[in-house]
Amino acid sequence: MAVEFTQNYFEIFGLPVDFQIDTSLLTERYRELQKIVHPDRFANASDRDRRLAVQQSAHINEALNTLKLPLKRARYLLQLNGVEFDDEKETTMDTEFLMEQIELREAVANVQQQDDPFSSLNQLIQSISKKKADMIGQLQNLISKQAYEAAKMQVQKLQFMEKLQLECESLEQDLADAL
Amino acid sequence: MALLQISEPGQSTKPHERRFAAGIDLGTTNSLVATVRSGQIETLPDEQGEHLLPSVVRYMENELSPIVGEKARQSAADDPLNTISSAKRFMGRGLDDIKHLGERLPYDFVQAKTSVPRIKTVAGDKSPIEVSAEILRVLKERAEKTLGDGLTGVVITVPAYFDDAQRQATKDAGKLAGLNVMRLLNEPTAAAVAYGLDKSAEGITAIFDLGGGTFDISILRLNKGVFEVLSTAGDTELGGDDFDHVIAQWFMQQANIGEDASHGLIRRLLQEAREAKEALADVEAVQMNVLLDDGNKWQATLEREQLNQLIDPLIQKTVVTSRRALRDAQVTIEDIQAVVMVGGSTRTLRVREKIAEFFGQAPKVNIDPDKVVAVGAAIQAEVLAGNKADDDLLLLDVIPLSLGLETMGGLVEKIIPRNTTIPVARAQDFTTFKDGQTGMTVHVLQGERELVTDCRSLGQFALHGIPSMVAGAARIRVTFQVDADGLLSVTAEEETKQVEASIQIKPSYGLTDAEIETMLRDSITYAKDDVELRNLREHQVEADRVIDALQMALQQDGDLLTEDEVKAIEEALLELHKVRTGTDHRSIKNAIDKLNVATTEFAASRMNKSIKQALTGHKLDEFD
């Protein structure tokens with residue numbers, strides 16, 4: 001395989017290994033790389049080279065995907081710093097956070113009974129987004145202080161929020177399908 | 001480094017030789033082909049000057065080839081069971097899905113021995129893939145006649161919201177028609193390319209594409225020739241056909257026509273409904289006249305207001321879908337620079353009104369909604385064929401629906417979420433749940449729902465020979481790879497013992513390779529049993545590609561190789577050159593494989609070199 005896997009995702013784009021990144025530089029570098037490795041550049045190449053291009057291009061997409069979103073970027077950065085995640089086993093959270101989760105979930109469950117389920121759901125989604133944004137701000141702080149264990153906790157909480165958000169979206173899809 | 005320059009007179013395919021390429025819009029209602037003519041990309045007309053080929057195929061008894069296009073369309077009401085229209089709606093679908101399309105089945109479907117349903121006609125049982133291949137064949141001939149030469153390759157467009165099965169079916173149809181399908185391109189992306197290049201548009205653009213049978217909305221970011229799809233959403237069972245159906249149902253109520261109406265009457269009704277709908281774009285009211293089964297005529301007046309009432313629920317669906325696309329793209333309505341209308345059904349005024357209302361801006365209707373997709377596909381085809389050294393054009397598309405695996409309890413674990421940029425490869429580890437478990441079924445699904453039963457099953461395969469261990473000890477890594485066509489392949493591997501199983505996902509409702517081979521053999525294009533010859537030709541072309549590409553690579557980057565590597569490559573190259581002119585496709589294939597092995601490292605280090613150069617600011621101009 002061609003892209004050097006010894007390079008971490010930050011290095012692929014020639015960016016410093018840091019939670020704060022220049023996203024416009026990231027996108028710019030990403031496009032430059034895709035212009036070289038994208039399968040469309042190899043439409044007339046041999047089967048092998050075309051396969052190679054698919055793998056290369058996929059790898060660069062994955063790198064972008066990981067760095068583009070703060071939560072994934074944080075998780076990846078923590079992993080680079082030796083923090084291990086075991087999603088199956090580590091589910092303990094502080095009780096305050098868990099209570100809030102339960103409340104939010106109840107609100108989601110009640111959406112269908114509302115007069116205008118679409119707009120109540122939309123409000124919920126927006127308030128979840130806002131909470132997430134605040135939490136990401138805190139996460140950034142923790143990482144810059146190199147408080148990696150605390151940052152890991154924060155990442156786990158954010159993963160909860162993300163899951164909740166996805167559930168809201170799939171509920172919206174259900175509502176739309178029922179139209 | 002002394003490397004042999006092997007090039008026989010008249011044999012080598014020169015890199016500057018022009019390759020003929022075309023873009024094909026295989027539509028539900030109409031299809032088109034576009035290519036370069038005297039420097040311009042344009043759609044091609046038939047001998048009567050018609051650009052649109054109605055996607056209708058009429059099978060005849062004792063005729064080798066069916067009638068395709070306008071003539072077939074006109075006979076739809078007289079010969080409804082042998083005249084197949086809207087075959088696109090059945091592509092990649094099983095009989096159960098087709099029954100769930102919610103309309104009365106217009107044809108005699110037969111459940112064939114294989115999973116692909118077939119339609120009974122006087123010329124035999126035909127799969128929707130074969131029907132589509134007939135349409136493609138006509139367009140291929142049209143292009144080749146215009147160009148005066150064979151087509152090297154084509155780009156065929158598909159609705160962005162097509163799932164894997166529907167894409168695979170489309171690619172198979174291309175293969176059946178004898179086409180080299182260089183790429184499947186999403187229709188809204190094709191439209192964005194044509195629109196963006198034509199109008200030099202930049203910024204975030206929404207492509208609203210409502211065709212005869214399918215609806216797509218794609219949100220793209222246009223930036224200096226890079227067309228980046230941020231999200232796509234849609235409905236592969238929503239289009240102008242559905243407008244016709246609600247109008248026809250309204251008429252049936254007026255005229256007291258029951259569910260027992262003849263196939264012919266239904267066709268006449270739908271035809272009349274379509275004409276009424278089209279007329280209402282210009283006038284306020286229209287008369288509908290339909291000849292009933294009992295020989296009487298029934299008249300009704302359809303007013304625009306009534307039409308709007310009938311189709312509003314359908315348009316509402318497109319609005320809800322558009323909202324989801326915006327959210328997935330993480331943009332707001334205010335971010336949208338332009339809304340571009342594509343597809344014949346965006347001529348319906350009500351659609352334009354409702355979309356203008358939703359986006360808070362007048363949609364762009366200044367490009368031909370019928371032709372723009374084919375033109376965009378042709379632009380992409382030109383680039384892929386290597387005719388356009390347009391280094392700036394790059395299309396980055398996404399998968400429309402999430403891909404996942406069945407896990408315990410009939411649940412779906414998503415591996416790749418929808419709107420992930422392709423190509424993409426992603427792996428997930430699984431383990432055994434019983435002591436001593438040695439086998440495992442991998443069930444691949446596509447869709448957004450949590451339950452297996454609510455998603456589309458793409459295929460299942462078994463991984464055998466997992467070493468016997470306690471539950472949870474084996475580590476099975478399942479890797480999904482989606483290529484630039486949006487097609488999926490899946491591999492599974494037990495990591496401790498490296499037992500491997502892999503499939504190119506052949507969807508549950510797909511044709512097998514053997515079926516395609518048989519159909520090719522049976523079709524008139526290959527009547528003379530020239531499958532062997534075709535194989536030879538294909539391998540020769542591949543050999544030429546490999547030789548050309550390698551020679552160019554050696555010239556540019558030969559210094560990356562050691563003496564020994566050069567020697568190994570030269571030997572393999574000589575061998576390939578020797579067998580290339582022979583008649584045995586197997587030995588050509590062997591020689592290609594050997595050469596590929598000899599150059600694997602070389603190809604990898606070349607790519608790394610390019611990447612490094614890009615990052616250190618060296619542009620690749622020196623390679624041109």
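Refer to the structure above for everything that follows.
Predicted model, so just to flag it, every value in this text is computed and none were measured. (Residues numbered from 1 in each chain as written. Chains lettered and ligands numbered in written order. Predicted model: local features only at pLDDT ≥ 70, side-chain atom pairs only at ≥ 80, totals over all residues. Heavy atoms only, no water.)

### What about the overall build of chain B?
For the record, the criterion: Every helix listed is a DSSP run of H or I at least four residues long, and every strand listed is a run of E at least two residues long, numbered separately from the N terminus. Relative accessibility thresholds used throughout: buried, under 20% of the residue-type maximum; exposed, over 50%; partly exposed, between the two (1.4 Å probe, protein chains only). Two residues form a contact once any of their heavy atoms are found within 4.5 Å. Each accessible area value is a Shrake-Rupley result obtained with a 1.4 Å probe; residue values ignore everything except the protein chains displayed when judging cover.
Along its length, chain B carries 14 helices and 27 strands. Buried residues in chain B amount to 55% of all 624 residues. Across chain B, the fraction of contacts at a sequence separation of at least 24, relative to all contacts at a separation of at least 6, is 67%. Summed over all atoms, the accessible surface of chain B reaches about 27,100 Å², with 47% contributed by carbon and sulfur.

### Description of helix 9 (residues 349–359) of chain B
All names here are of chain B. Note the threshold: It is the directions from the helix axis to the C-beta atoms whose arc is reported.
Within the sequence span of helix 9, burial applies to Arg350, Val351, Ile355, Phe358 and Phe359. The buried residues of helix 9 occupy one face: seen down the axis, they fall within an arc of 150 degrees. As for helix 9, its buried residues are in contact with strand 13 (203–210), strand 14 (215–223), helix 6 (240–254), helix 8 (304–329) and strand 18 (338–342). Positive backbone phi, at 65 degrees, marks Gly360, one or two positions downstream of helix 9.

### Describing the nonpolar core
Put simply, the test is: Nonpolar cores are built from buried Ala, Val, Leu, Ile, Met, Phe, Trp, Tyr and Cys residues. Side-chain atoms within 4.5 Å join them into one set.
Counting 53 residues, the largest nonpolar core has Phe13 and Leu67 of chain A as its most contacted members. Broken down by element, the residue count for this core peaks at nine residues, all from helix 6 (residues 117–144) of chain A. Counting 47 residues, the second largest nonpolar core, distinct from the first, contains Ile217, Ala248, Leu265 and Ile336 of chain B.

### A closer look at the sheet that holds strand 9 (residues 118–121) of chain B
All names here are of chain B. Quick note on the threshold: Strand pairing is assigned whenever DSSP detects at least two bridges linking the two strands.
On the basis of which strands lie adjacent, the open sheet formed by three strands has the order 8-9-10 and antiparallel pairing. Across the chains shown, the open sheet's two edge strands, defined by having one partner strand only, are strand 8 (109–110) and strand 10 (124–126). Pairing analysis gives three bridges linking strand 9 to strand 10, with the strands arranged antiparallel. The partner of Thr121 across the bridge, within strand 10, is Gly124.

### Thoughts on the pattern of salt bridges
Side chains bearing opposite charge may pair, as long as their charged atoms lie close to each other. This is how it is decided: Salt bridges are identified by distance alone: a Lys or Arg side-chain nitrogen within 4 Å of an Asp or Glu carboxyl oxygen.
Inspection of the entire model under this criterion finds 46 salt bridges over all chains. Linking Lys132 of chain A and Glu162 of chain A is a salt bridge whose minimum nitrogen-to-oxygen distance equals 2.7 Å. Of this pair, Lys132 of chain A sits in helix 6 while Glu162 of chain A sits in helix 7 (residues 148–177), and the two are 30 residues apart along the sequence. The exposure class of Glu162 of chain A is partly exposed, given its relative accessible area of 28%. Between Glu42 of chain B and Arg37 of chain B there is a salt bridge whose closest N-O contact spans 3.0 Å. Glu42 of chain B gets classed as partly exposed once you look at its relative accessible area, which sits at 28%. Take Arg37 of chain B: its relative accessible area is 31%, and that puts it in the partly exposed class. Bridged by salt links that share partners, the residues Asp40 of chain A together with Lys171, Arg183 and Asp485 of chain B form one connected network.

### Quick word on the sheet that holds strand 7 (residues 83–85) of chain B
Hydrogen bonds along the backbone pair up the strands of a sheet, which may run parallel or antiparallel. Residue and element names in this part refer to chain B. Applicable threshold: The axes used here are C-alpha line fits, helices contributing only the stretch in contact, and every angle between their N-to-C directions lies in the interval 0 to 180 degrees.
Pairing in this open sheet of three strands is antiparallel, and the strands run 6-5-7 from one edge to the other. Single-partner strands in this sheet number two, and they are strand 6 (67–68) and strand 7. Packed on one face of the sheet, helix 3 (residues 128–147) meets strand 5 (56–58), strand 6 and strand 7 and runs near 105 degrees to strand 5.

### Considering the interface of chain B and chain A
You'll often see interface size given as the accessible area lost when the parts meet. What counts is decided by this rule: Throughout, the accessible surface (probe 1.4 Å) given up by two parts as they are put together, summed over both, is called the buried area. The nonpolar class holds Ala, Val, Leu, Ile, Met, Phe, Trp, Tyr, Cys and Pro. Asp, Glu, Lys and Arg form the charged class, and all remaining residues, Gly among them, are polar.
Every contact between the two is made by 53 residues of chain B and, on the other side, 51 residues of chain A. Here chain B and chain A share an interface that buries about 4,400 Å² over both sides, 53% of which is from carbon and sulfur atoms. Seen at the junction of chain B and chain A, the total is five salt bridges. A salt bridge links Glu542 of chain B to Arg50 of chain A; the shortest N-O distance between them is 4.0 Å. Broken down by secondary-structure element, the contributors of at least two residues to the side of chain B that touches chain A are strand 14, strand 15 (226–235), helix 8, helix 10 (372–385), strand 19 (394–396), strand 22 (424–430), helix 12 (531–557) and helix 14 (585–615) of chain B. With 12 residues, helix 14 of chain B is the largest single contributor of residues to the side of chain B that touches chain A. Taken together, the residues of the side of chain B that touches chain A break down into 21 nonpolar, 13 polar and 19 charged.

### Considering the environment of Thr35 of chain B
Residue and element names in this part refer to chain B. Put simply, the test is: Pairs of N or O atoms within 3.5 Å make up the polar contacts considered here, provided that, within protein, one atom can donate a hydrogen while the other can accept it, and that residues adjacent in sequence are counted only when both atoms are side-chain atoms.
When you line up the elements, Thr35 lands in strand 2 (residues 30–37). When sequence neighbours within four positions are dropped, the list of residues in contact with Thr35 reads Ala21, Ala22, Gln40, Ile41, Glu42, Leu44, Leu147 and Ala378. In this structure the side chain of Thr35 is engaged in a polar contact, spanning 2.8 Å, whose partner is the backbone oxygen of Ala21.

### Side note on helix 5 (residues 95–110) of chain A
All names here are of chain A. Note the cut-off: To estimate how far a helix should extend, the number of its residues minus one is multiplied by 1.5 Å.
Taking 1.5 Å as the rise per residue, helix 5 with 16 residues should run 22 Å; its terminal C-alpha atoms sit 23 Å apart, in good agreement. Turning to helix 5, its buried residues are Phe97, Gln101, Leu104 and Val108. For helix 5, the buried positions fall inside an angular range of 70 degrees around the axis, keeping them on one side. In helix 5, the exposed residues that point more than 90 degrees away from the buried face are Thr95, Glu96 and Glu103. Residues of helix 5 that are buried make contact with helix 6 and helix 7.

### A look at the packing of aromatic side chains
All names here are of chain B. What counts is decided by this rule: In summary, the pairing rule links any two rings of Phe, Tyr or Trp, Trp by its six-membered ring, whose centres are within 6.5 Å, and it sorts them by plane angle into stacked for under 30 degrees, edge-to-face for over 60 and tilted for everything else.
Taken as a whole and judged by the stated rule, the model has eight aromatic pairs over all chains. Pairing Phe208 with Phe215 gives two aromatic rings, centres 5.0 Å apart and planes at 55 degrees, and the pair type is tilted. Classification of Phe208 as buried rests on a relative accessible area of 0%. The class for Phe215 is buried, based on a relative accessible area of 0%.

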